[in-house]
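Here is how the chains run, residue by residue.
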Amino acid sequence: MKEKVGEVFFIAMDNPAIPGCTISKAVHDGANDIICFSLSRNTDISAEIYPYHKLIIMAEGVIEIYGADGFRRNLHTSDSIITLTDTPMGIRTAEGAVYTEVLIRRRDIMNEAIKAGEVFRLAEIVPYQDGKIVNMDVVHNDKMKFVIMAFDAGTELSEHAAPGEALIFVLDGEGVIGYEGKEHPIKAGENFRFAKAGIHSVKAAKRFKMALLLTLES
């Protein structure tokens, strides 16, 4: 991953659009590519057929995903979708957008709660539970895991080392990420990155939800 390490950042702010252009930046190259896209207003990524799904996580703006047989899905800030395979899929925007795209192979294990082709919000998939931390694997394989976590106020993950590089998407509430001895308050809409073997902890100052994208490739 080539994002900032050990500090709070905002994907949309770090990847501004250029007028009239579509920009793609590789965040991670491997079995599951991770790419950040910045689309300026009135741009279009033409519909193409892919043999794999794409998980799209909106950071900012509005896009329309379109395809064959009248397929249309609108995504706004904080929305997500898993695209269809073996059918034309395109993306266009009238006002501009920034989003992260994760390649999901056919053989990857995807949670049955997620349906390809339907818009959803990651923050709404996993409920809060009093005094507990709730986890859900959205998709995983032996090299990648994308998991959603809901922390009740006062709960925490004690300090431990990351087995791979990780990108955090804060979905709801406020938390504190400890990283290499320093605490970083973080809130909904912000991001954080751990390096492989980075010592970290997570505490919920208030109720707090986050998504964790973990890659286990060097």
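Preceding this paragraph is the structure being described.
Analysis parameters
Residues numbered from 1 in each chain as written. Predicted model: local features only at pLDDT ≥ 70, side-chain atom pairs only at ≥ 80, totals over all residues. Heavy atoms only, no water. Helix = DSSP H or I, 4+ residues; strand = E, 2+ residues; numbered from the N terminus. Rg over C-alpha atoms; globule rule 2.2 N^0.38 Å. Buried < 20%, exposed > 50% of the residue type's maximum accessible area, 1.4 Å probe, protein only. Contact = heavy atoms within 4.5 Å. Areas by Shrake-Rupley, 256 points an atom, 1.4 Å probe, with all protein chains shown as cover. Lys, Arg positive; Asp, Glu negative; His and termini not counted. Charge placed at Lys NZ, Arg CZ, Asp CG, Glu CD. Phe/Tyr/Trp six-rings, centres within 6.5 Å; stacked < 30°, edge-to-face > 60°. Lys NZ or Arg CZ within 6 Å of the ring centre and 35° of its normal. Pairing = 2+ DSSP bridges. Axes fitted to C-alpha atoms, helices over the stretch in contact; angles between N-to-C directions. Core = buried A, V, L, I, M, F, W, Y, C linked by side-chain atoms within 4.5 Å. 1 Å grid on protein atoms, 1.4 Å probe; cavity = no way out; pocket = protein on both sides within 12 Å on 5 of 7 lines; lining within 4 Å. Points joined across faces, edges and corners; volume = space filled by probe spheres on them. Nonpolar A, V, L, I, M, F, W, Y, C, P; charged D, E, K, R; others polar.

**Student:** I keep staring at the overall build of the chain and nothing clicks. Help me out?
**Tutor:** From N to C terminus, the chain includes 2 helices and 19 strands. Here the chain has a C-alpha radius of gyration of 17 Å; the compact-globule value for 218 residues is 17 Å, and the two agree. The C-alpha extent of the chain, read off along each of the three principal axes, is 50 × 35 × 35 Å. Relative to its 218 residues, the chain shows a buried fraction of 50%. For the chain, the proportion of contacts with a sequence separation of at least 24, taken over those separated by at least 6, is 67%. Accessible surface computed for the chain: about 10000 Å², of which carbon and sulfur atoms make up 50%. If you average the places of the 24 positive and of the 31 negative side-chain charges in the chain, the two averages end up 0 Å apart.

**Student:** Help me out: how do you make sense of the packing of aromatic side chains in this one?
**Tutor:** To describe a pair of aromatic rings, one takes the distance between the centres and the angle between the planes. Per the stated rule, a full pass over the model turns up 7 aromatic pairs. Where Phe 37 meets Tyr 99, the ring centres are 5.2 Å apart and the plane angle is 15°; that geometry is what we call stacked. Residue Phe 37 is located in strand β2 (residues 34-39), and its partner Tyr 99 is located in strand β9 (residues 97-104); the two are separated by 62 residues in the primary sequence. The two residues Phe 37 and Tyr 99 agree in class, both being buried. Ring geometry for Tyr 50 and Tyr 52: centres 5.5 Å apart, planes at 50°, overall tilted. Note on Tyr 50: relative accessible area 17%, which makes it buried. Judged by relative accessible area, Tyr 52 falls into the partly exposed class, the value being 23%. Its guanidinium or amino end placed over the ring of Tyr 50, Lys 54 lies 3.6 Å from that ring's centre, counting from NZ or CZ.

**Student:** Please clarify how the sheet that holds strand β3 (residues 43-49) should be interpreted in this entry.
**Tutor:** The strands making up a sheet associate through backbone hydrogen bonding, with each pair oriented either parallel or antiparallel. Taking strand neighbours across the sheet as the criterion, the 4 strands line up as β3-β8-β5-β6 in an open arrangement whose pairing is antiparallel. Strands with a single pairing partner mark the edges of an open sheet, and in this sheet they are β3 and β6 (72-75). Across this sheet, the average inter-strand angle for adjacent strands is 15°, counted without regard to direction. Pairing analysis gives 5 bridges linking β3 to strand β8 (residues 88-93), with the strands arranged antiparallel. Residue pairing in the sheet places Glu 48 in a bridge with Met 89 of β8.

**Student:** Sorry if this is basic, but what is going on with the nonpolar core here?
**Tutor:** For soluble globular proteins, nonpolar side chains are generally found buried alongside one another. By size, the foremost hydrophobic cluster in this structure holds 30 residues, and its most contacted members are Ile 11, Leu 55, Leu 122, Phe 146, Phe 169 and Leu 213. Of all the elements in the fold, those that place two or more residues in this core are α1 (11-14), β2, β4 (53-61), β9, β12 (133-140), β13 (144-151), β15 (165-179) and β19 (208-215). Apart from residues no more than four positions distant in its own chain, Leu 122 is found in contact with Ile 57, Ser 80, Phe 146, Ile 148, Leu 171 and Ala 211. Within the second largest apolar cluster, 18 residues are counted, among which are Met 149, Ala 166, Leu 212 and Leu 214.

**Student:** Is there a simple way to think about the layout of surface pockets in this case?
**Tutor:** Once rolled over the atoms, a probe with the size of a water molecule shows which space is left empty. In this model, the largest pocket occupies a volume close to 320 Å³. Looking at the largest pocket, it is lined by 20 residues, and the ones nearest its centre are Met 58, Ser 78, Val 170, Leu 171 and Gly 189. Counting only elements with at least two residues in the lining of the largest pocket, the list comes to β4, α2 (122-125) and β15. When its residues are assigned to classes, the lining of the largest pocket shows 11 nonpolar, 6 polar and 3 charged. Taken together, 16 residues line the second largest pocket, and the ones lying closest to its centre are Val 147, Met 149, Leu 157, His 160 and Leu 212. Among the elements of the structure, β12, β13, β14 (156-161), β18 (199-203) and β19 are those that each provide at least two residues to the lining of the second largest pocket.

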